[in-house]
Structure formats: structure tokens, C-alpha cells
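# Residue-level structural notes
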Amino acid sequence: MVYEGRLNEGRLGPFKEVRIDPFVSEFDMDLARPLSRSIRLNGFATCLRLEQVYWDILGEMARINCCSVSALLSHVDREVHLRHGGVKNFSGLVRVVCVVHSLKEGNCVVMA
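Structure report, in brief. In this text, all values refer to a predicted model and were calculated from it rather than measured experimentally. (Residues numbered from 1 in each chain as written. Predicted model: local features only at pLDDT ≥ 70, side-chain atom pairs only at ≥ 80, totals over all residues. Heavy atoms only, no water.)

### Focus: the pattern of salt bridges
- In this structure the tally under the stated criterion is two salt bridges.
- Residues Arg95 and Glu51 are paired through a salt bridge, measuring 3.0 Å at the closest nitrogen-oxygen approach. Taken together, the positions of Arg95 in helix H4 (residues 90–105) and Glu51 in strand E4 (residues 44–51) put the pair 44 residues apart, joining distant regions of the chain.
- You can call Arg95 partly exposed: its relative accessible area is 23%.
- Across the pair Glu79 and Arg83 runs a salt bridge, and its minimum N-O distance is 2.8 Å. Here the residue Glu79 and the residue Arg83 both occupy positions in helix H3 (residues 69–84), the gap between them amounting to four residues, near one helical turn. (Salt bridge = Lys/Arg side-chain N within 4 Å of Asp/Glu carboxyl O. Helix = DSSP H or I, 4+ residues; strand = E, 2+ residues; numbered from the N terminus. Buried < 20%, exposed > 50% of the residue type's maximum accessible area, 1.4 Å probe, protein only.)

Okay, here's the thing in C-alpha cells:
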């Protein structure tokens, strides 16, 4: 039956063996836990909800730049407004900024 053959197919075709397992033995599920924090963006109080791993990366970025996380995020907010007229999803932008920083710093480990 055609239906039975599709049980093992995903959106992109049949399931294949995963070659890179993101759940290594040291994986900490707390890093995926979202946290809301009050921050000031260019003088305005707001709340930002991000997973713990992103707060950790932001903390590292702030330390490198000798500033607070709020100052760092204020810079991101100011620059995105000046360069691109703003952004609809600021938390998504912050996540991408964190990933790009991690890739540039070589902090992403690929397990084979």
C-alpha cells in the first residue's frame, strides 16, 4: 500500500541516518530554555525573550566589547534602524547576530 511506504518518509523524502547528532553526551537542555529579561534599548525599557544559549553569547559579546548586554543590544537596535529602517522580529535578529558571532569566533563545534 502506498500509505505504508510513506510512513517512513519526511517532507524531504525517506528518513536517512543522521550523520551529525546534535545531542552529544554533554548537551545541556537548559540552554534551550527561554528566558525573558528586562533590558533598556536606547533608553526605553522592554522585555526580550531568548533561549539561555543566546543570553550566554550576548554576555560574551558584551564582555568582549566592555559594555553591558543592554548597551550591546542598543547598538544592534540603532544600527538596524540606521542601515535597514528597522526589523519586524528583533529577537530573531538577535539570534542571527549571536550565530554569526559564534561562527566568526569559531565557537561552533561540528561533531562527525
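### Looking at the packing of H3 against H4
- In the contact formed by H3 and H4, the axes pass within 11 Å of each other and the chain directions differ by 110°. With respect to H4, the axis of H3 lies roughly perpendicular. Here Leu73, Val76, Asp77 and Val80 of H3 come into contact with H4, specifically with Phe90, Leu93 and Val94.
- Class assignment for the residues of the contact of H3 with H4 results in six nonpolar, no polar and one charged. (Axes fitted to C-alpha atoms, helices over the stretch in contact; angles between N-to-C directions. Parallel < 35°, antiparallel > 145°, perpendicular 65-115°, else oblique. Contact = heavy atoms within 4.5 Å. Nonpolar A, V, L, I, M, F, W, Y, C, P; charged D, E, K, R; others polar.)

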